[in-house]
Amino acid sequence: MPFAVQVIRHWDIRSGSERQLDFERRTYLFSTLLTFVFVIQLAALLLFVFNADRLSAMFVGAMCAVGTLNVNDFGFPSLISQMVVFFLAAMWLAINHVDTRAPDYPLVKIKYGLLILLLPVMALSFWLELQYFLGLKANVITSCCGSLFSGDAKTIAGEASGMEPKPALFLFYGALTAVIGGALWHWKKACPAQWLSTRRGQRNGLCRGDHRRAVLHFALHIRAPAPPLPLLHPQAGIRLSGLLALFAALRRHRCRAGGGRGAAVCAGRQSAPDHSASFSPLGRIGG
Amino acid sequence: MNVWLEKQRHLIDFTLASLARRKTKNLGLLLAYAVLVFVLASLALFTQALRTEASFVLAGSPEVILQRMVAGRHDLIPPGYIEKIGRIRGVQKQEGRLWGYYYDPVVNANYTFMARPADEVASGSIMVGATLARARGLAAGNVISFRSYSGKLFAFKVSAVLSPDAELLSADLVLLSEADFRAFFEYPAGHYTDIALSVANPQEVRKVAEKLSTTLPDSRPILREEVLRTYQSVFDWREGIMLTVLAGAILAFAILSWEKASGLSAEEKREIGILKAIGWETSDVIRMKMWEGLLISLTAFLLGFIAAYVHVFYFGAAVFEPVLKGWAVLYPRFALVPTVDGLQIATLFFFTIFPYTAAVLVPIWRAAITDPDSVMRA
Amino acid sequence: MIELSQIKKAFNQGQPNEYWALNGIDLTLEAGKVTAFRGPSGSGKTTLLTLVGCLSRPTSGRVRFKGQDISGLPERFLTEIRRQSFGFIFQQFNLIKGLTALENVILPGFPTGRPRAELITAAEEIFEQLKLSHRRTAKVEWLSGGEQQRVAIARALINNPEVIIADEPTANLDTALSREFMAILEGFTAEGKTVLLTSHDPLVVESDAVHRVIGMRMAVWSTTKKPCFSSQQSSPY
Ligand SMILES: Nc1ncnc2c1ncn2[C@@H]1O[C@H](COP(=O)(O)OP(=O)(O)OP(=O)(O)O)[C@@H](O)[C@H]1O
Ligand SMILES: [Mg+2]
């Protein structure tokens with residue numbers, strides 16, 4: 001964090017000083033770390049949702065991931081904060097990618113500004129997750145899926161797909177706008193001649209079209225769904241994010257088919273089933 | 001894209017060569033890593049198999065079991081009690097069950113005696129669980145006698161040994177006819193241990209349970225769902241203890257890998273310097289090192305997981321059995337049905353790769369930012 | 001081809017042990033020539049080569065390579081230029097032990113993403129030129145000094161650079177091998193490559209292959225055209 005502030009204050013690409021070199025090298029560290037965070041967060045999000053679904057058997061009334069997440073107050077905030085971290089990390093990586101295309105790193109201040117923003121969000125996300133898992137106690141009666149799904153078409157699934165990713169999307173697009181604006185502004189400031197006229201500025205070798213290239217690159221990023229997520233259509237974005245998993249799971253597990261597979265298998269095992277429903281084996285295994 | 005692929009191929013080539021050049025160091029790491037994965041994977045596979053087993057077994061059991069409570073304690077079902085339930089919508093069948101415990105001084109173990117309808121177990125004969133049969137050296141056709149709690153001796157003919165498929169749960173089971181059960185335990189006529197109700201629609205189970213507790217306020221309905229949940233948490237609880245122990249191991253491993261990665265030998269440092277001087281970029285070096293980490297962790301994961309699979313499903317989890325199954329006298333020996341769960345593998349993979357990668361990230365970066373001109377001043 | 005203006009280079013800037021290795025150098029180096037730097041130890045020859053060869057950045061001043069200002073470029077871009085345009089031959093050869101000669105030679109080609117087969121063909125051609133084909137599958141630690149030197153040269157050539165930079169290339173070689181090296185250098189000029197080298201060795205500095213010698217002094221510098229050093233040598237200057 002103090003490092004990010006230092007970068008923002010002292011960054012000077014023209015300097016060959018050791019501090020500048022150190023700044024530039026730290027960028028590699030952060031991009032590696034954030035790639036890691038990004039990948040981990042993606043994996044964690046998917047695992048979180050799927051495991052929540054699986055864990056639902058542990059909680060009365062929780063028949064699916066929603067139930068598990070509702071076990072305590074930290075379930076959904078934790079999920080949402082994880083998604084926010086994921087999007088922010090994706091955004092940072094996209095900015096970094098674009099930034100390092102141009103030799104004068106035009107977006108560097110924005111990049112480190114975002115990093116300053118990202119750190120507390122990550123800390124918060126971690127804290128929420130920890131709270132959630134520490135608060136998970138089996139057999140706590142949760143608001144049952146039945147009540148969540150009951151009634152009209154406005155199920156939690158509908159609600160969530162309408163609501164939850166919105167802040168994330170908003171954040172993402174907002175930051176994109178800020179970034180592009182910043183880049184344009186920087187470009188304007190650095191190469192006024194070029195900004196005002198089409199004449200090739202020849203003041204120095206660096207100014208030539210590099211900013212324009214950076215911005216173009218950014219635009220390409222927004223057009224092409226490749227690096228972060230296809231976020232242009234909220235639906236597509238949601239589908240790709242871990243939420244898809246959640247909702248698919250919700251629909252599938254809406255009601256757990258009672259013993260369908262198990263019963264078939266157990267029919268072949270003559271005597272054991274009857275016995276096992278009694279309390280005795282429980283006492284033995286549990287004790 | 002093609003260039004990118006080709007580049008990654010080159011990096012992997014180089015990584016493989018450099019791993020091979022530092023065999024002992026990397027093999028040591030690989031081994032430690034694989035052992036960690038082995039332990040965790042064995043545990044996960046084992047508990048998963050137990051859970052599957054339990055839910056298989058429970059799937060065929062009645063949805064609701066009704067016990068009668070007297071002074072807060074589980075008591076016998078008196079005659080006429082079943083009739084009091086009457087007809088509840090959704091309940092397909094309701095029947096009284098008879099079961100109890102018997103302490104066998106010969107092997108110092110408790111058996112579960114359970115009455116079955118006469119068409120399943122003939123009077124004078126019993127069926128026994130496989131573990132019990134092993135402990136007492138029984139086979140179908142043998143005769144065994146038990147001294148009842150009242151001191152009388154009863155002789156039974158073993159008509160069959162129960163299938164070992166679900167031996168975990170049928171280990172100590174003795175099935176006998178209702179008449180024999182009542183005679184053996186001097187069980188009062190017309191009384192039952194509990195009542196089993198089958199409910200076809202799982203969504204009605206809770207409703208049924210509610211109705212039961214209103215019609216019979218002195219009863220306690222136990223839902224299969226709850227039993228299942230208890231099983232799940234029982235296994236998870238045990239898993240939890242093991243995991244706590246293993247957390248220490250994970251930590252040790254993280255430190256180890258940190259050591260390995262941060263303690264880059266002078267030789268390795270020089271190599272990275274050379275690579276940078278001859279035109280490798282910092283991110284190329286980072287990527288190369290990442291490939292190295294990935295190769296090591298994938299190999300270790302694969303090795304550890306396969307070993308764990310063999311250990312659990314072919315050697316019956318020999319290492320964990322005592323801890324996980326408890327120190328029961330009648331110790332069930334059973335082959336677990338191999339079940340592999342994708343989500344579980346993914347989770348395990350995540351939790352083993354994560355600490356390693358996190359531990360090596362910074363050292364990798366530190367190695368990668370070696371001054372490219374450092375080789376000029378050797 | 002390469003222009004340096006007001007180049008200064010400090011080590012440990014801002015710390016008590018701050019040291020200015022170069023203090024305001026102006027210099028122009030022509031393409032297609034062999035230029036040798038000489039001067040007392042510590043006069044900054046190696047430092048200058050690292051600046052020219054995109055291995056490090058000057059603290060202040062400009063380096064222009066083929067008209068492009070490279071002094072302010074981040075490492076990422078310097079590396080790209082270095083990879084494409086510069087080949088390095090180090091005093092210690094700096095080969096990677098445990099790899100064969102061929103594997104060592106193709107290493108600089110990895111980040112370019114050229115297919116392996118292509119790299120190997122290119123490497124074998126160079127081995128052919130350097131008369132080293134018979135040793136190409138030998139591990140480098142088993143090679144003799146001269147052979148190692150030639151492997152290092154081959155490695156410098158694999159990306160077909162325009163400029164070859166050699167820091168004390170003959171310091172570990174005997175007279176015969178040094179002469180051989182100078183012969184190889186002449187081959188480079190024939191191909192139109194630019195060569196920059198440092199040396200204490202009179203055999204190198206005074207050889208016919210060298211077109212220009214630049215003398216360095218401690219933290220100050222002087223450039224001298226060849227005839228001032230030795231009159232017997234022909235020089236374009
Ligand atoms: N990384 C560094 N940190 C501090 N000082 C350095 C560093 N690199 C070089 N120097 C100093 O800079 C000065 C110039 O070094 P350089 O290696 O360029 O000299 P040189 O002319 O090549 O000498 P030699 O002929 O002995 O090779 C030396 O005094 C050296 O101690
Ligand atoms: Mg030197």
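Reading the values: the criteria
- Residues numbered from 1 in each chain as written.
- Chains lettered and ligands numbered in written order.
- Predicted model: local features only at pLDDT ≥ 70, side-chain atom pairs only at ≥ 80, totals over all residues.
- Heavy atoms only, no water.
- Helix = DSSP H or I, 4+ residues; strand = E, 2+ residues; numbered from the N terminus.
- Buried < 20%, exposed > 50% of the residue type's maximum accessible area, 1.4 Å probe, protein only.
- Contact = heavy atoms within 4.5 Å.
- Areas by Shrake-Rupley, 256 points an atom, 1.4 Å probe, with all protein chains shown as cover.
- Pairing = 2+ DSSP bridges.
- Axes fitted to C-alpha atoms, helices over the stretch in contact; angles between N-to-C directions.
- Phe/Tyr/Trp six-rings, centres within 6.5 Å; stacked < 30°, edge-to-face > 60°.
- Lys NZ or Arg CZ within 6 Å of the ring centre and 35° of its normal.
- pLDDT = per-residue confidence, 0-100.
- Near = heavy atom within 4 Å.
- Polar contact = N/O pair within 3.5 Å; in protein donor to acceptor, adjacent residues only side chain to side chain.
- Parallel < 35°, antiparallel > 145°, perpendicular 65-115°, else oblique.
- Left-handed = near helix turned anticlockwise from the far one by under 90°.
- Nonpolar A, V, L, I, M, F, W, Y, C, P; charged D, E, K, R; others polar.
- Patch = residues over 30% accessible without salt bridge, like charges linked within 9 Å, V, L, I, M, F, W, Y side chains within 5 Å.
- Salt bridge = Lys/Arg side-chain N within 4 Å of Asp/Glu carboxyl O.

Going by what an unreviewed UniProt entry lists, chain C is known as ABC transporter ATP-binding protein and is assigned to Candidatus Dechloromonas phosphorivorans.

> Explain the overall build of chain A here, please?
When helices and strands are counted, chain A shows 15 helices and 0 strands. Counting over 287 residues, chain A shows a buried share of 51%. Taking the contacts inside chain A whose residues are at least 6 apart along the sequence as the reference set, 71% of them involve residues at least 24 apart. Of the roughly 13400 Å² of accessible surface on chain A, 65% is carried by carbon and sulfur atoms.

> Would you take a moment to explain the sheet that holds strand β5 (residues 68-69) of chain C for this structure?
Strand pairing in a sheet relies on backbone hydrogen bonds. The paired strands run either parallel or antiparallel. Ordered by their spatial adjacency, 4 strands build an open sheet running β2-β1-β4-β5 (chain C), and the pairing between neighbours is antiparallel. Taken across any chain shown, the strands that pair with only one partner, and hence form the sheet edges, are β2 (19-29) and β5 of chain C.

> I would appreciate a short explanation of the pairing of strand β4 (residues 99-104) of chain B in the present structure.
All names here are of chain B. Judged from the 6 bridges that link them, β4 and strand β5 (residues 109-116) form a sheet pairing that is antiparallel. Within β5, the residue paired with Tyr-101 across the bridge is Thr-112. Here β4 folds back onto β5 in antiparallel fashion, the turn holding 4 residues, of which Asn-108 has a positive phi close to 55°.

> Is there a simple way to explain the sheet that holds β5 of chain B in this structure?
Residue and element names in this part refer to chain B. Judged by pairing direction, the sheet is mixed, and its 6 strands sit side by side in the order β4-β5-β9-β6-β8-β7 without closing on themselves. Every interior strand has two partners, whereas the edge strands, β4 and β7 (143-147), have only one. Direction aside, neighbouring strands of the sheet carry axes that sit 40° apart on average. Across 5 bridges, β7 lies against strand β8 (residues 153-161) in antiparallel orientation. Across the sheet, Ile-144 pairs through a bridge with Phe-156, a residue of β8.

> Would you take a moment to explain the packing of aromatic side chains for this structure?
The way to describe two aromatic rings as a pair is by their centre distance and the angle between their planes. Taken as a whole and judged by the stated rule, the model has 32 aromatic pairs over all chains. Note on Trp-99 of chain B and Tyr-101 of chain B: the rings are 5.9 Å apart at their centroids and 70° apart in plane angle, and the pair reads as edge-to-face. Following the ring pairs from residue to residue traces out a cluster consisting of Tyr-102, Tyr-111, Phe-113, Phe-146, Tyr-149, Phe-154, Phe-156, Phe-181, Phe-184, Phe-185 and Tyr-187 of chain B. Over the ring of Tyr-105 of chain A we find Lys-111 of chain A, and its NZ or CZ is 5.6 Å from the ring centre. Sitting above the plane of the Tyr-192 of chain B ring, Arg-182 of chain B keeps its charged end 5.1 Å from the centroid.

> I would appreciate a short explanation of the confidence of the model for chain C in the present structure.
Low-pLDDT stretches of the model should not have their predicted coordinates read in fine detail. Residue and element names in this part refer to chain C. Summing up the model confidence of chain C, the mean pLDDT is 84 and the portion of residues at 70 or higher is 92%. Confidence drops under a pLDDT of 50 for residues 220-237, and excluding neighbours within four residues, the segment shows 41 contacts in the predicted structure. Taken over the whole predicted complex, pTM reads 0.70, whereas the ipTM for its chain interfaces reads 0.87.

> Please clarify how the site of ligand 1 should be interpreted in this entry.
Around ligand 1, the surrounding shell holds 15 residues, and the nearest of these are Ser-41, Gly-42, Lys-45, Thr-46 and Thr-47 of chain C. Mapping the residues adjacent to ligand 1 onto the chains of the assembly identifies chains B and C. Take Ser-41 of chain C: an N or O atom from its side chain is 2.4 Å from an oxygen atom of ligand 1. Take Gly-42 of chain C: an N or O atom from its main chain is 2.9 Å from an oxygen atom of ligand 1. Protein chains bury 68% of the 630 Å² of accessible surface belonging to ligand 1 in isolation. Elements with a minimum of two residues in the shell around ligand 1: β2 and α1 (45-52) of chain C. Top contributing element to the shell around ligand 1 by residue count: α1 of chain C, with 3 residues.

> Is there a simple way to think about the packing of helix α4 (residues 75-99) of chain A against helix α5 (residues 108-134) of chain A in this case?
The angle between the axes and the distance between the axes are what describe a pair of packed helices. Residues and elements named next belong to chain A. Two numbers describe how α4 lies on α5: the axes approach to 9 Å, and their chain directions differ by 155°. On the basis of their axis angle, the class for α4 and α5 is roughly antiparallel. Relative to α5, the crossing made by α4 is left-handed. Broken down by class, the residue content of the contact of α4 with α5 amounts to 17 nonpolar, 6 polar and 3 charged.

> What's the story with the environment of Leu-197 of chain B in this structure? I'm lost.
Residue and element names in this part refer to chain B. Among the secondary structure elements, Leu-197 is positioned in strand β10 (residues 194-199). Assessed through its relative accessible area of 0%, Leu-197 is described here as buried. Along the sequence, Leu-197 and Pro-62 sit 135 residues apart, while their C-alpha atoms lie 5.8 Å from each other. Excluding anything up to four places from it in sequence, Leu-197 contacts Pro-62, Glu-63, Val-64, Leu-66, Val-91, Lys-93, Gln-94 and Leu-212.

> Honestly, a nonpolar patch on the surface in this entry has me stumped. Any pointers?
Nonpolar side chains collect at one region of the surface, where Leu-302, Ile-306, Val-310, Tyr-314 and Phe-315 of chain B lie side by side and expose about 560 Å² of accessible area between them. Note on placement: Val-310 of chain B falls in helix α10 (residues 282-313).

> What am I meant to see in the pairing of strand β8 (residues 194-198) of chain C here?
When a strand is regular, its side chains alternate between the sheet's two faces. Residues and elements named next belong to chain C. Most of β8 is tucked away: 5 of the 5 residues are buried. Covered by surrounding structure in β8 are Thr-194, Leu-196 and Thr-198 together with Val-195 and Leu-197, the residues of both alternating faces. As defined by bridge partners, strand β3 (residues 34-38) adjoins β8 across 4 bridges and the pair is classed as parallel. Looking at the pairing, Thr-35 lines up with Leu-196 of β8. In this sheet, β8 lies alongside strand β7 (residues 163-167) in parallel orientation, the contact comprising 5 bridges.

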